Amino acid sequence: MQNKSTPAIDCIIESLKQENVIAYPTEAVFGLGCDPDSEIAVNKLLALKQRPWQKGLILIADSYEQLTNYVDDSQLTKEQKEVMFASWPGPVTWVIPAKITTPKWLTGQFDTLAVRVTDHQLVKVLCEKYGKPIVSTSANLSGLEPCRTTAEVLEQFKDSVPVLDGQVSGRLNPSEIKDAKTGQLYRKG
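Residues numbered from 1 in each chain as written. Predicted model: local features only at pLDDT ≥ 70, side-chain atom pairs only at ≥ 80, totals over all residues. Heavy atoms only, no water.

- An unreviewed UniProt entry annotates the chain as Threonylcarbamoyl-AMP synthase of Providencia heimbachae ATCC 35613.
- UniProt lists a comment for the chain under the heading Sequence similarities (unreviewed entry), and it reads "Belongs to the SUA5 family. TsaC subfamily."
- Annotation of the chain in UniProt includes, under Catalytic activity (unreviewed entry), the sentence "L-threonine + hydrogencarbonate + ATP = L-threonylcarbamoyladenylate + diphosphate + H2O". (UniProt positions renumbered as here; feature names shortened; annotations may be inferred.)

This is the structure:
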């Protein structure tokens, strides 16, 4: 893994700043991402994925502190927070009440937001250097399997998104998704 490949990460960060969609490796598959605070970038991502805005999106971060502008964990008990924090960093995505200031282009039709603190070293460096979380949804065109290699991303998306070259962590399944308040499992990991 190229871990701290500064020129590559710097180019990807520049693309994020220009409100573009990027592709990058995660724990199991490549993700498509963008700046969560840019409605223009999120709309580009939704159009590329042919994904309705109502479904909401996932944010991936280097640390929980990067997510605090978007989620309202005051609605969680101490025990619920302990369970959530015990799973991070790692491949578990938690659905948490969103702050009322969190844009609808992230939450979709919900008043919650799906978030994950990753243990993928390349993504951790990307989020750390960018200074905030990025949107994370699987890199695949509608009806096709999620990409697991840089070559597969390039095959599906051609030159439409810059790719942060790297390896997925080797998990077979995408991240597990659970509700932080109820513990309900939305997607098995």
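Next comes the rest of the account.
1. Overview of the sheet that holds strand β4 (residues 92-97)
Moving on, step 1. Here 8 strands make up an open sheet; going across it, the order is β1-β2-β6-β3-β5-β4-β7-β8 and the pairing mixed. Of all strands in the sheet, those with a lone pairing partner are β1 (22-25) and β8 (185-187), marking the two edges. Strand-to-strand twist in this sheet, taken as the mean axis angle between neighbours without regard to direction, amounts to 35 degrees.
Moving on, step 2. Pairing analysis gives 2 bridges linking strand β2 (residues 30-33) to strand β6 (residues 134-138), with the strands arranged antiparallel. By the bridge assignment, Gly-31 is partnered in β6 with Ser-138.
Moving on, step 3. Docked against the sheet, helix α2 (residues 39-49) engages β2 and β6, running at close to 5 degrees with respect to β6. (Pairing = 2+ DSSP bridges. Helix = DSSP H or I, 4+ residues; strand = E, 2+ residues; numbered from the N terminus. Axes fitted to C-alpha atoms, helices over the stretch in contact; angles between N-to-C directions. Contact = heavy atoms within 4.5 Å.)

2. Looking at the packing of aromatic side chains
Moving on, step 1. Scanning the entire structure with this criterion turns up 3 aromatic pairs.
Moving on, step 2. When the ring of Tyr-64 is compared with that of Phe-85, the centres are 4.9 Å apart and the planes differ by 80 degrees; the resulting orientation is edge-to-face. Note that Tyr-64 is positioned in the loop between β3 (58-61) and α3 (78-86) and Phe-85 in helix α3, a separation of 21 residues in sequence.
Moving on, step 3. With a centroid separation of 6.3 Å and 55 degrees between ring planes, the pair formed by Phe-85 and Trp-88 is classed as tilted.
Moving on, step 4. Looking at Phe-85, the relative accessible area reads 36%, which means it is partly exposed.
Moving on, step 5. An aromatic cluster is defined as three or more aromatic residues linked by ring pairs; in this entry it consists of Tyr-64, Phe-85 and Trp-88. (Phe/Tyr/Trp six-rings, centres within 6.5 Å; stacked < 30°, edge-to-face > 60°. Buried < 20%, exposed > 50% of the residue type's maximum accessible area, 1.4 Å probe, protein only.)

3. A look at the side chain of Asp-62
Moving on, step 1. Relative to the elements of secondary structure, Asp-62 occurs in the loop between β3 and α3.
Moving on, step 2. Since its relative accessible area comes to 17%, Asp-62 is described here as buried.
Moving on, step 3. With near-sequence residues (within four places) excluded, Asp-62 lies in contact with Val-117, Lys-124, Cys-127 and Glu-128.

4. Examining the environment of Val-95
Moving on, step 1. In this structure, Val-95 sits in strand β4.
Moving on, step 2. Sequence separation between Val-95 and Asp-73 is 22 residues, and the spatial gap between their C-alpha atoms is 11 Å.
Moving on, step 3. Discounting residues that sit within four places of it in the chain, Val-95 has contacts with Thr-112, Leu-113, Ala-114, Ile-177, Lys-178, Asp-179, Ala-180 and Tyr-186.

5. Re the layout of surface pockets
Moving on, step 1. Considering only enclosed or pocket space, the largest pocket measures out at about 650 Å³ in volume.
Moving on, step 2. Every residue lining the largest pocket is counted, 31 residues in all, and those nearest its centre are Arg-51, Ile-58, Ala-114, Ile-177 and Arg-187.
Moving on, step 3. The set of elements that each furnish at least two residues to the lining of the largest pocket consists of β2, α4 (104-107), β5 (112-117), β6 and β8.
Moving on, step 4. It is β5 that contributes the most residues to the lining of the largest pocket, 4 residues altogether.
Moving on, step 5. Classifying every residue of the lining of the largest pocket by side-chain character gives 14 nonpolar, 10 polar and 7 charged. (1 Å grid on protein atoms, 1.4 Å probe; cavity = no way out; pocket = protein on both sides within 12 Å on 5 of 7 lines; lining within 4 Å. Points joined across faces, edges and corners; volume = space filled by probe spheres on them. Nonpolar A, V, L, I, M, F, W, Y, C, P; charged D, E, K, R; others polar.)

6. What about the confidence of the model for the chain?
Parts of the prediction with low pLDDT should not have their coordinates interpreted in detail.
Moving on, step 1. Put simply, the chain has an average pLDDT of 92, and 96% of its residues get 70 or more.
Moving on, step 2. Here residues 1-5 is modelled with pLDDT under 50, and outside its nearest four sequence neighbours on either side it reaches 13 contacts, counting other chains as well. (pLDDT = per-residue confidence, 0-100.)

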